[in-house]
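# Structural description and commentary
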Amino acid sequence: MTAPKLLSPATIGEFDLPNRVVMAPLTRNRARPDSNVPHALNAEYYAQRASAGLIITEATQITPEGKGYAWTPGIHSAEQIGGWRQVTDAVHAQGGRIVLQLWHVGRISHTSLQPDGQAPVAPSAIAADAHTFDGEGFVQTSTPRALATDEIARVVDDYRQAARNARQAGFDGVEVHAANGYVLDQFLRDGSNTRDDRYGGSIENRVRILREVFEAVTDVWPAGRVGVRFSPFAGFNDMHDRTPMQTFGAAISAASAAGLAYLHLVEGQTGGPRDLPEGGDLDALRARFDGAYMANNGYDRQLAVDAVESGHADLVAFGRPYIANPDLVERFARNAELNAPDQATFYGGGAEGYTDYPTLAESQAA
Ligand code: PHB
């Protein structure tokens, strides 16, 4: 039997990947509690997964204001850059490739997680019916304040600086997180953006900040080392849009115009069903983008093999399977059984449920 195309090399923008299996961005809440600095345990976790064609880090806040959950890492302090350097060195020592996911949560935060206990910022002062984790439990997100027009350049600059910091930390590239109801997604969709300035109203206006972020990030990185993630049909974090095909069609065209390496879509509901709403058409969205397509959400080996074989996807990102299987690529190559992930240890804690999932070789030796 010949190896499936899923396991064959791919050149994606400036990335040379040994296979098309991607480790999806996964929030694990295991950075240092006060400083949000990644450390040796995080380096070990990512290095264990270095056989992935590409690793996308967990979402990482670009600024203190961009934080929405306890114990998530940042990329805005010298200490955090140093912590991430340990991670990238460890992954590279194992022969891997790793990009940083740039994150600003917007309204998906709580005053207790914000600098000076202030309200989170968002396109509009519309609270999300959503929860976040404050370090003790799940709490309702706080009502945000709307960013003033002249503050938006500063937010864009925070992306630029974070992109620079990612270079300094030794990453191979960055992914702009524009999915799952966080700040860029909040600007894109009309349920969370009711602005009447040049960043709201028409689709062109709602896409503007995203274009500016692409410009900022590609000032720092070659566009061939930058990807973007959207979740056009997901309701996660209380997101709504009246015309998702048009809204995300425009957003994806902006990504294509910026020359980005890959388009990463959450197909269906984040972490949930893969069904699309009436009128939802992934192929039509994908057709707006000139670079590679990375599919995500609920893929197993067979679905991924078929998606790459049929030309639906160039790359497939796996989330839950990567939590429990550091050697996912080797397991796919042998069509071996997978370890089952333990939901109880997804968020927070230490090595348990993080770096202690065995490889196939380790299970067989036991
Ligand atoms: C989460 O922490 O629940 C989370 C973070 C980033 C995402 C989605 C979910 O994109």
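Before reading further, recall that the structure is shown in the block above.
The sections below set out a description of the structure shown in this document. Since this is a predicted model, take the numbers as computed values, not measurements.

## Some remarks on the site of the ligand
- Every residue close to the ligand is listed here: T27, Y69, W103, H177, N180, Y182 and F236.
- One nitrogen or oxygen atom from the side chain of H177 is found 2.8 Å from an oxygen atom belonging to the ligand.
- Coverage of the ligand by the protein chains reaches 82% of its 280 Å² of free accessible surface.
- Across the shell around the ligand, the residue classes tally to four nonpolar, three polar and no charged.

## Remarks on the packing of aromatic side chains
- According to the stated counting rule, one finds 12 aromatic pairs in the structure shown.
- When the ring of Y45 is compared with that of Y46, the centres are 4.8 Å apart and the planes differ by 65°; the resulting orientation is edge-to-face. For the pair formed by Y45 and Y46, the shared burial category is buried.
- One aromatic cluster is present, built from ring pairs that chain together Y45, Y46, W84, F171 and Y354.
- The positively charged end of R274 is found above the aromatic ring belonging to Y299, 4.5 Å away from the centroid.

## Observations regarding the packing of helix 3 (residues 152–168) against helix 5 (residues 203–220)
- Across the interface, helix 3 lies against helix 5 with an axial gap of 8 Å and an inter-helix angle of 30°. Accordingly, the angle class assigned to the pair helix 3 and helix 5 is roughly parallel. Judged by the twist between their axes, the crossing of helix 3 over helix 5 is right-handed. In this structure, helix 3 uses I152, V155, V156, Y159, R160, A163, R164 and R167 to contact helix 5, whose residues at the interface are I209, E212, V213, A216, V217, D219 and V220.
- Looking at the contact of helix 3 with helix 5 residue by residue, the classes come out as 10 nonpolar, no polar and five charged.

## With respect to the side chain of S109
- Summarising the element assignment, S109 is placed in the loop between strand 5 (98–103) and strand 6 (121–122).
- S109 sits in the buried class, given a relative accessible area of 0%.
- With residues up to four places along the chain from it excluded, the contact list for S109 reads K67, G68, Q114, P120, T132, T141 and S142.

## So, the pattern of salt bridges
- Under the definition given, this model contains 16 salt bridges.
- For R160, the salt bridge identified is with D219, shortest N-O distance 2.6 Å. Residue R160 is found in helix 3, and its partner D219 is found in helix 5; the two are separated by 59 residues along the sequence.
- On the basis of relative accessible area, D219 is assigned to the exposed category, the value being 57%.
- When salt bridges with common partners are traced through the structure, they connect E65, R145, E151, R154 and D158 into a single cluster.

## Re the sheet that holds strand 10 (residues 173–177)
- Pairing in this closed barrel of eight strands is parallel, and the strands run 3-4-5-10-11-12-13-14 around the ring. For this sheet, the mean inter-axis angle between neighbouring strands, taken without regard to orientation, is 25°.
- In terms of strand pairing, strand 11 (residues 226–230) meets strand 12 (residues 262–266) through four bridges, oriented parallel. Looking across to strand 12, one finds that V228 is bridged to L263.

## What about the nonpolar core?
- Of all hydrophobic cores here, the largest spans 84 residues; its most connected members are V217 and F230.
- Counting residues per element, this core draws most heavily on helix 5, at eight residues.
- Setting aside residues up to four positions removed in sequence, V217 forms contacts with L102, Y159, A163, V174, V176 and V226.
- Counting residues in hydrophobic clusters, the runner-up holds 15 residues, among them A10, V22, L54 and I56.

## Some points on the pairing of strand 11
- When you tally the buried positions in strand 11, you get five out of five residues, the bulk of the element.
- On strand 11, burial covers both faces: V226, V228 and F230 on one face and G227 and R229 on the other are all buried.
- Where strand 10 lies against strand 11, four bridges are found, and the strand directions are parallel. Bridge assignment links H177 to a residue of strand 11, and that residue is R229.
- In the classification by handedness, the crossover that spans strand 11, the intervening helix 6 (residues 244–257) and the parallel strand 12 is right-handed.

Criteria and cut-off values
Residues numbered from 1 in each chain as written. Predicted model: local features only at pLDDT ≥ 70, side-chain atom pairs only at ≥ 80, totals over all residues. Heavy atoms only, no water. Near = heavy atom within 4 Å. Polar contact = N/O pair within 3.5 Å; in protein donor to acceptor, adjacent residues only side chain to side chain. Areas by Shrake-Rupley, 256 points an atom, 1.4 Å probe, with all protein chains shown as cover. Nonpolar A, V, L, I, M, F, W, Y, C, P; charged D, E, K, R; others polar. Phe/Tyr/Trp six-rings, centres within 6.5 Å; stacked < 30°, edge-to-face > 60°. Buried < 20%, exposed > 50% of the residue type's maximum accessible area, 1.4 Å probe, protein only. Lys NZ or Arg CZ within 6 Å of the ring centre and 35° of its normal. Axes fitted to C-alpha atoms, helices over the stretch in contact; angles between N-to-C directions. Helix = DSSP H or I, 4+ residues; strand = E, 2+ residues; numbered from the N terminus. Parallel < 35°, antiparallel > 145°, perpendicular 65-115°, else oblique. Left-handed = near helix turned anticlockwise from the far one by under 90°. Contact = heavy atoms within 4.5 Å. Salt bridge = Lys/Arg side-chain N within 4 Å of Asp/Glu carboxyl O. Pairing = 2+ DSSP bridges. Core = buried A, V, L, I, M, F, W, Y, C linked by side-chain atoms within 4.5 Å. Right-handed = clockwise from strand over helix to strand, strands pointing away.

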